[in-house]
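This is what each chain is made of:
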Amino acid sequence: MRYNEKELQALSRQPAEMAAELGMRGPKKGSVVKRRLVKLVANFLFYFRTDEAEPIGALLLEHCRITREEPSGFSISFVEDIERKYRFECCSEEQCQEWISALRRASYEFMRRSLVFYRNEIQKMTGKDPLEQLGISEEARFQLSSLKA
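On a predicted model such as this, the values are computed, not experimentally measured, just so you know. Numbers given for residues are sequential positions, taken from 1 along each chain in its written order. Only residues with pLDDT of at least 70 get local features here, since the model is predicted, and only at 80 or more are side-chain atom pairs given and counted; chain-wide, interface and lining totals rely on the full set of residues. Only hydrogens and water are removed before side-chain values are computed, so all heavy atoms of the structure are retained for them.

Peer 1: I'd like a rundown of the sheet that holds strand 3 (residues 44–49), residues and numbers included.
Peer 2: When DSSP finds two or more bridges between a pair of strands, those strands are recorded as paired. Under the DSSP-based scheme used, a helix requires at least four consecutive residues in state H or I and a strand at least two consecutive residues in state E, with every element numbered from the N terminus. Strand order in the open sheet made by the seven strands is 4-3-2-1-7-6-5, with antiparallel pairing throughout. One side of each edge strand has no neighbouring strand; the edge strands of this open sheet are strand 4 (57–60) and strand 5 (64–69). The sheet shows a mean angle of 35 degrees between the axes of neighbouring strands, taken without regard to direction. Note: strand 6 (residues 73–78) against strand 7 (residues 81–89), six bridges, orientation antiparallel. When the bridges of strand 7 are listed, F74 appears paired with F88. Pairs of residues are marked as contacts when any of their non-hydrogen atoms sit within 4.5 Å. Angles run from 0 to 180 degrees between N-to-C directions of axes, and those axes are lines fitted to C-alpha atoms, restricted for helices to the stretch in contact. Helix-sheet contacts for helix 1 (residues 5–12) involve strand 2 (34–41) and strand 3, and the interaxial angle to strand 3 is about 85 degrees.

Structure representation (structure tokens):
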């Protein structure tokens, strides 16, 4: 995937939906758990050394699976390589559930499905297409209406 490193670093400095120090283990075999500052911004999960301001890595939360691991941990794996897992350890089960929920809501696909769902609900209630009122093109509305929420 192509990306602009300076833009990604600038994005990492934006206000986070969630941020915490978590235990993190990378996908390499034999990797150990390390404390990392983990920050969710839009659909990116940035991770930092706890004493540094620049991220050491980022995960794009698209086409991924978030799975509960143990009572207070979760993992992120990607459809292209399901065996490559990033594991995270939280301080409590509650914190773990908050992270899992936030990560699942962060993907573009989730936001798109939500748009379709709420668009249909508004249309049922008002009888009007809310996107039409915003001047969204006929072509874009057709693409959204062909999706099921």
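Peer 1: Describe the nonpolar core, with residues and values.
Peer 2: One broad trend across soluble globular proteins is that nonpolar side chains are buried collectively. Formed by 23 residues in total, the largest nonpolar core has its most connected members in L40, L45, F74, I76, F88, W99 and L103. For this core, the secondary-structure elements that each account for two or more residues are strand 1 (18–25), strand 2, strand 3, strand 6, strand 7 and helix 2 (93–105). By residue number, the principal contributor to this core is helix 2, which donates five residues. Those residues in contact with W99 that lie beyond four places of it in its chain are M18, A19, A20, L22, V38, L40, L45, F74 and C90. In this description, a nonpolar core means a group of buried Ala, Val, Leu, Ile, Met, Phe, Trp, Tyr and Cys residues linked to one another through side-chain atoms lying within 4.5 Å. Any residue under 20% of the maximum accessible area for its type is buried, any over 50% is exposed, and the rest in between are partly exposed; the area is computed with a 1.4 Å probe on protein chains only. Within the second largest apolar cluster, five residues are counted, among which are L8, V41, F44 and F48.

Peer 1: So, the pattern of salt bridges: which residues are in play, and what are the values?
Peer 2: When a carboxyl oxygen of Asp or Glu is within 4 Å of a side-chain nitrogen of Lys or Arg, the pair counts as a salt bridge. Tallied over the full model, the rule gives nine salt bridges. For E17, the salt bridge goes to R105, with nearest N and O atoms at 3.2 Å. Note that E17 is positioned in the loop between helix 1 and strand 1 and R105 in helix 2, a separation of 88 residues in sequence. For E17, a relative accessible area of 47% corresponds to the partly exposed category. Judged by relative accessible area, which is 41%, R105 ranks as partly exposed. Among the salt bridges present, the one from E109 reaches R113, with a minimum N-O distance of 3.6 Å. Of this pair, E109 and R113 are both found in helix 3 (residues 108–126), four residues apart, which corresponds to roughly one turn of the helix. Exposure remark for E109: the relative accessible area of 31% places this residue in the partly exposed category.

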